[in-house]
Amino acid sequence: MVKGSGNGGGARFLVAFALALAAGACRRSETAPESLKAAAPAFETRVDSYRPPADGRLVPRQIEKYIEVRTRATQRAERALPEPPEQKGLGDALFATPPDIEAARALGVNTEEYLWVKEKIHEAEGARLAAKLDADFIDLLTKNLATLAKRRAEAQDEPSRKLLSEQLATFENELARVKREQKELEPEDVRANMRILEPFRARLQPLEAETARLRQRVRAPASEKK
């Protein structure tokens, strides 16, 4: 009987054989032609990272870059032919890169910083819009109160005056509530960003309007078929 042919020897033979195959594979990969190496798929290794400032405040440079990215994304979307939504698969919907991220990468912008700036701009603009809606609502309530007070003063009977008094009380309570909420200040970083964005608002608003228009244009073919 050949030495090492038992179970122990067989196991050692299999291990040695596996190691030899592995060594051969390593040597083949080391000596593979450059053309084959170049043809191998390459994974994207760029990983953007960004640490937001502790105070949460934007700076003008970031807003300028945000406008540049959004402008590039809008221009690309304008040139591209919209693909009917029903022709897109689930994988396309899940893994498609948003146009603004593609634009940010094309411009060499840190995508993590861009997303933070985008979030802070939307946060500040949302707070500004909420404040405007509150102001408009207060103006409307004030006018309604004046009208009701005038009608109550001119009422000819007690039931009418009582009904108008109840309506006045309801509007007065609502006005007081809205004014209380209006006095609740936004966080300091949001208020600071609202002030920083003020000079850029004339350039930001058309971008939002154009984005909404392009979205509507993409949805139009599907709605027309219904």
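Located above this text is the structure these notes cover.
The notes below deal with the structure included here. Source: prediction; values computed, not measured.

**Examining the side chain of Glu113**
With respect to the helices and strands, the residue Glu113 is situated in helix α6 (residues 111-154). Each residue touching Glu113, except ones within four places of it in the same chain, is listed here: Tyr50, Arg61 and Gln62.

**With respect to the layout of surface pockets**
In this structure, the second largest pocket spans a volume of roughly 170 Å³. If you trace the second largest pocket, you find it lined by Ala127, Ala130, Ala131, Asp134, Glu181, Gln182, Glu184, Leu185, Glu186, Arg191 and Met194. Elements that contribute at least two residues to the lining of the second largest pocket include exactly α6, α7 (158-183) and α8 (188-197). Looking at the lining of the second largest pocket, the element that brings in the most residues is α6, giving four residues. Of the residues assigned to the lining of the second largest pocket, the class counts are five nonpolar, one polar and five charged.

**So, helix α5 (residues 99-106)**
Buried residues of α5: Asp100, Ile101, Ala103 and Ala104, and no others. Looking down the long axis of α5, one finds its buried residues gathered within 160° of arc, a one-sided arrangement. Close packing links the buried residues of α5 with α3 (60-79) and α6.

**Considering the packing of aromatic side chains**
Summed over the entire model, instances satisfying the criterion amount to two aromatic pairs. Taking the centre distance of 5.7 Å and the plane angle of 20° together, the rings of Tyr66 and Tyr114 count as stacked. You can see Tyr66 sitting in helix α3 and its partner Tyr114 sitting in helix α6, a full 48 residues away along the chain. Of the two residues examined, Tyr66 and Tyr114, each falls in the buried class.

**Some details on the pattern of salt bridges**
Summed over all chains, the structure comprises 19 salt bridges. For Lys118, the salt bridge goes to Asp100, with nearest N and O atoms at 2.8 Å. With a gap of 18 residues between them, Lys118 in helix α6 and Asp100 in helix α5 connect regions that are remote in the sequence. In this structure Asp100 comes out as buried when scored by relative accessible area, which is 9%.

**Focus: the packing of α3 against α5**
Taken N-terminus to C-terminus, the directions of α3 and α5 make an angle of 115°; their axes are 8 Å apart at the nearest point. Remark: the crossing between α3 and α5 carries right-handed chirality. In contact with Val69, Arg70, Arg72, Ala73 and Arg76 of α3, α5 contributes Pro99, Asp100, Glu102, Ala103, Ala104 and Ala106. Split into classes, the residues belonging to the contact of α3 with α5 amount to six nonpolar, no polar and five charged.

**Quick look at the packing of α3 against α6**
Pairs of packed helices are described in terms of their axes, by the angle between the two and the distance that separates them. Packing of α3 against α6 leaves a shortest axis separation of 10 Å and a crossing angle of 100°. Judged on the interaxial angle alone, α6 and α3 are roughly perpendicular. The residues of α6 that touch α3, namely those facing Arg61, Gln62, Tyr66, Val69 and Arg70, are Glu113, Tyr114, Trp116, Val117, Lys118, Ile121 and His122. Split into classes, the residues belonging to the contact of α3 with α6 amount to six nonpolar, two polar and four charged.

About the criteria used
- Residues numbered from 1 in each chain as written.
- Predicted model: local features only at pLDDT ≥ 70, side-chain atom pairs only at ≥ 80, totals over all residues.
- Heavy atoms only, no water.
- Helix = DSSP H or I, 4+ residues; strand = E, 2+ residues; numbered from the N terminus.
- Contact = heavy atoms within 4.5 Å.
- 1 Å grid on protein atoms, 1.4 Å probe; cavity = no way out; pocket = protein on both sides within 12 Å on 5 of 7 lines; lining within 4 Å.
- Points joined across faces, edges and corners; volume = space filled by probe spheres on them.
- Nonpolar A, V, L, I, M, F, W, Y, C, P; charged D, E, K, R; others polar.
- Buried < 20%, exposed > 50% of the residue type's maximum accessible area, 1.4 Å probe, protein only.
- Arc of directions from axis to C-beta.
- Phe/Tyr/Trp six-rings, centres within 6.5 Å; stacked < 30°, edge-to-face > 60°.
- Salt bridge = Lys/Arg side-chain N within 4 Å of Asp/Glu carboxyl O.
- Axes fitted to C-alpha atoms, helices over the stretch in contact; angles between N-to-C directions.
- Left-handed = near helix turned anticlockwise from the far one by under 90°.
- Parallel < 35°, antiparallel > 145°, perpendicular 65-115°, else oblique.

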